[in-house]
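Report on the structure
Below are the chains, spelled out letter by letter.
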Amino acid sequence: MIAVICAVNVAGCTSTKHTGAHGTVVVFAAASLKNTFTTLATTFQKAHPGVKIVPSFGGSDTLAAQIVAGSPVDVFAAASAATMATVTNAHDALTTPTVFAKNSLEIAVAPTNPLQVAGLADLTKTSVKVAVCAPTVPCGAAAAKAFASANLTPHTVTQEQDVTSVLTKVELGEVDAGVVYQTDVKSAGAKVLGVNFAEAANAINSYPIAVVTTGKNPTAAQAFIDYVQSSDGMAVLQAAGFQQP
Amino acid sequence: MDRKRPPYALFVAAAIGATFLLLPLVGLVVRTPWRHLPSLLGQHSVRVALRLSLETATAATVCCVVLGVPLAWLLARMRFRGRGLLRALVILPLVLPPVAGGIALLLAYGRHGVVGSWLFKAFGVSLPFTTQGVIVAETFIAMPFLIVSVEAAMRALDPRLDQAAASLGASRWFTFRHVTLPMLAPGIAAGAVLSWARALGEFGATITFAGNYPGTTQTVPVQIYLLLQDDPDAAIALSLVLLIVSIAILAALRDRWLPA
């Protein structure tokens, strides 16, 4: 049967020879995965000419809510187990989620670090304006956990809807410090300076990935997930600062 | 051809149009968790956001009237070069995506903005992430509604009344104060109500410029957006509250837009 289809549609078969993957794959991924997943999508498409990856990035909680509301999605890569649970609890995950990366928090400050922020304790000073993610977003939940483990209350002026918004506020100089992921600091390059803090070890985020039932392309979706978890995929993630699961 | 045949195609399109606009409202009412409504709306965080929204929208409306009425007067009554361009630019927030408006506000009034950096150095004032910042964002988005409404009302006035006042020796200020303004009152009121409604619903510019912090900058629309991820029932209940407010506004303005 496959041979017959291949004989009729030769062009489609070049992409199906390894995985049988073809068609469009809608990927919902956490905002912190923007750079890596954009790269991974491009390289995956080169290896599978019949597949088009359509990525969409945002706060994991927003994306999870959209999936549960029926948005047609093939792959969901969340920044926390809790946001993935929103999808699995609604029976919208086709495969059991597997963790493919880990990320820890860092404090992002202006490149010159004018207020000499050296650790979490400095973020409690009223002279330091702090941006964090909203508690419903994984980066916000992780930040809250880190502050709680150190028994500190930060001088938060805003709870942003995703991690990239926190980084933007730091880059624009509107806040003095933002609690973001190490990978965000790395991707921002010279625009911000990262300050490590010990309590980050208490709030490491796991990134689960799964095929979603609301999509139409589970075969290609699984192929993309396999690629993310392959040694090539891991190399891209590690270069961006992600840790291995 | 039967000239008296009703245009059925128009009726069908009109019916589809009306259904399209009304169904989301029906959806909101049907899905509202009526039984939990009192407890949802009684939550402390909800009451705080509602109060902040009402206060900031009212303050923004006052700013809109104080600054917008003179601007509408300038555009309607004075002749100067670049008037058309100025009119187009000041009503730009009507068509600008609010998030883009919020970014523009940050670049102008933020701590490192064109004016904001000076404000910060001179007075230590920084608008982003403050309640004043919310008012600034709402005023920016809502003022064009007032300007458009008041300018139209002003153009509908007979300019000969101004001329008559002038011929009797009244100064421009006296004429504005005692002739133009009283006749404009209904137009200003309608513009103010529209601005207030727009300010109350403002989301994009507010979350971008003023951020989100409960009690300081978290207005009802921002709270709805964040609740939708976490507690959809509460988000629906709050949306219903804004819907009821909007209907109340339409009812208040029924003489103007909904003639019997």
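Criteria and thresholds
All residue numbers refer to positions counted from 1 along the written sequence of the respective chain. Note on labels: chains are lettered from A, ligands numbered from 1, in written order. This being a predicted model, a pLDDT of at least 70 is required before a residue's local features are given, and a value of 80 or more before pairs of side-chain atoms are given or counted; all residues contribute to the totals for chains, interfaces and linings. In this description a helix means any DSSP run of H or I spanning at least four residues, a strand means any run of E spanning at least two, and both kinds are numbered starting from the N terminus. Contact between residues is assigned whenever the C-beta positions, reconstructed from backbone atoms, fall within 7 Å. Any residue that is not Ala, Val, Leu, Ile, Met, Phe, Trp, Tyr, Cys, Pro, Asp, Glu, Lys or Arg is counted as polar, Gly included; the first ten are nonpolar and the last four charged. To sort residues by exposure, count the other C-beta atoms lying within 10 Å of each residue's C-beta; 20 or more gives buried, 12 or fewer gives exposed, and values between give partly exposed, all with C-beta atoms placed from the backbone. Think of it this way: DSSP has to see at least two bridges between two strands before they count as a pair. Angles here are taken between N-to-C directions and fall from 0 to 180 degrees, while the axes themselves are lines fitted to C-alpha atoms, restricted in helices to the stretch in contact. For classification purposes, angles smaller than 35 degrees are called roughly parallel, those larger than 145 roughly antiparallel, those between 65 and 115 roughly perpendicular, and all remaining angles oblique. Here is the rule for handedness: rotate from the far helix to the near one, and if that takes an anticlockwise turn smaller than a right angle the crossing is left-handed, while a clockwise turn gives right-handed. Only buried Ala, Val, Leu, Ile, Met, Phe, Trp, Tyr and Cys residues enter a nonpolar core, and they are joined through C-beta atoms within 7 Å. Start and end positions for the domains come from either an automated domain assignment or a database one. Seen with the strands pointing away from the viewer, any crossover whose path from the first strand over the helix to the second strand runs clockwise is right-handed. In this scheme, a helix's expected span is set at 1.5 Å multiplied by one less than its residue total. Throughout, the bend at a residue refers to the angle made by two axes, fitted to the seven residues ending there and to the seven starting there.

**Re the overall build of chain B**
Broken down by element type, chain B carries 13 helices and zero strands. Helices (α) and strands (β) of chain B occur, in sequence order from the N terminus, as α-α-α-α-α-α-α-α-α-α-α-α-α. Overall size of chain B, expressed as C-alpha extent along the three principal axes, is 75 × 65 × 30 Å. Contacts in chain B between residues far apart in sequence, at least 24 positions, make up 75% of those at least 6 positions apart.

**Things to note about the interface of chain B and chain A**
Each partner contributes residues to the interface: chain B has 15 residues there, and chain A has 15 residues. When residues in the side of chain B that touches chain A are grouped by element, the largest group, four residues, is from helix α11 (residues 220-230) of chain B. Among the residues forming the side of chain B that touches chain A, the class breakdown is seven nonpolar, six polar and two charged.

**Points about the environment of A:S206**
Residues and elements named next belong to chain A. Relative to the assigned elements, S206 resides in strand β10 (residues 205-211). On the neighbour-count criterion, S206 (18 C-beta atoms within 10 Å) is partly exposed. Dropping the residues within four chain positions of it, S206 is found in contact with S80, A81, V99, K102 and P245.

**Here we look at the pairing of strand β5 (residues 105-109) of chain A**
Residues and elements named next belong to chain A. Most of β5 is tucked away, with five of its five residues classed as buried. Alternating positions in β5 separate into two faces, L105, I107 and V109 on one and E106 and A108 on the other, with burial throughout. Pairing analysis gives five bridges linking β5 to strand β8 (residues 177-181), with the strands arranged antiparallel. Residue pairing in the sheet places I107 in a bridge with V179 of β8. Strand direction decides the pairing type here: β5 and strand β9 (residues 193-195), joined by three bridges, are antiparallel. Across the sheet, the residue bridging to A108 is G194, located in β9.

**A closer look at the packing of helix α8 (residues 159-167) of chain B against helix α9 (residues 172-201) of chain B**
Pairs of packed helices are described in terms of their axes, by the angle between the two and the distance that separates them. All names here are of chain B. Between α8 and α9, the shortest axis-to-axis distance is 10 Å and the interhelical angle comes to 135°. On the basis of their axis angle, the class for α8 and α9 is oblique. Crossing of α8 over α9 shows right-handed handedness. On the side of α8, the interface is formed by L161, D162, A165 and A166, while α9 contributes T175, V179 and T180.

**Regarding the sheet that holds strand β4 (residues 98-103) of chain A**
Strand pairing within a sheet occurs via backbone hydrogen bonds; the two strands may be parallel or antiparallel. All names here are of chain A. In space, the five strands of this open sheet follow the order β2-β1-β3-β10-β4, with mixed pairing throughout. On the outer flanks of this sheet lie β2 (51-58) and β4, each paired with one strand and no other. Between one strand axis and the next, the sheet turns by 20° as a mean value, whatever way the strands run. Sitting on the sheet, helix α4 (residues 60-68) is in contact with β1 (23-30), β2 and β3 (75-77), with an inclination near 135° to β1. Against the sheet, helix α9 (residues 218-228) engages β1, β2, β3, β4 and β10, with an angle of about 150° to β10.

**Digging into the nonpolar core**
In terms of nonpolar packing, the biggest core is built from 134 residues, with A:V27, A:V75, A:F76, A:A77 and A:F224 touching the most fellow members. No other element matches the 14 residues that helix α7 (residues 131-156) of chain B contributes to this core. When residues of this core are assigned to domains, at least three fall in each of domain 1 (2-102 + 205-239) and domain 2 (105-202) of chain A. Setting aside its immediate chain neighbours within four residues, A:F76 contacts A:F28, A:L63, A:I67, A:V87, A:A210 and A:V212.

**Description of the pairing of strand β6 (residues 130-133) of chain A**
Residue and element names in this part refer to chain A. Side chains V130 and V132 of β6 all project onto a buried face; the interleaved residues A131 and C133 project onto the opposite face, where all are buried too. The pairing of β6 with strand β7 (residues 156-160) spans four bridges and is classified as parallel. Residue pairing for β7: A131 is matched across the bridge by T158. A crossover connection joins β6 to the parallel β7 through helix α6 (residues 138-149); in handedness this β-α-β unit is right-handed. In terms of strand pairing, β6 meets β8 through two bridges, oriented parallel. Its bridge partner lying in β8, A131 is registered against G178.

**Thoughts on α9(B)**
Across its 30 residues, α9(B) extends only 37 Å between first and last C-alpha, which sits more than 12% below the 44 Å expected from 1.5 Å per residue. The sharpest bend along α9(B) measures roughly 55° and falls at B:A185, with the proline B:P186 sitting one to four residues further on.

**Points about the domain arrangement of chain A**
Residue and element names in this part refer to chain A. Per the domain assignment, the segments making up chain A are domain 1 (2-102 + 205-239) and domain 2 (105-202). Using only C-alpha atoms to locate each centre, domain 1 and domain 2 end up separated by 29 Å. Contacts between the two partners involve 13 residues from domain 1, matched on the other side by 14 residues from domain 2. Contributions of two or more residues to the side of domain 1 that touches domain 2 are made by α4 and α5 (81-89). Taken together, the residues of the side of domain 1 that touches domain 2 break down into four nonpolar, eight polar and one charged.

**Here we look at the packing of helix α5 (residues 98-109) of chain B against α7(B)**
Residue and element names in this part refer to chain B. Between α5 and α7, whose axes approach to 11 Å, the crossing angle comes to 125°. By the criterion of interaxial angle, the relationship of α5 to α7 is oblique. Here α5 and α7 pass one another in a crossing that is right-handed. The segment α5 lies against α7, with P98, G101, G102, L105 and Y109 engaging V136, A137, F140 and I141. Within the contact of α5 with α7, the residues separate by chemical class into seven nonpolar, two polar and no charged.

**Some points on α6(A)**
Residues and elements named next belong to chain A. For α6, built from 12 residues, the straight-helix expectation of 16 Å at 1.5 Å per residue is met to within 8% by its first-to-last C-alpha distance of 16 Å. Where α6 is concerned, the buried positions are P138, C139, G140, A141, A142, A143, A146 and F147. One or two residues past the end of α6 sits N151, with phi positive at roughly 60°.

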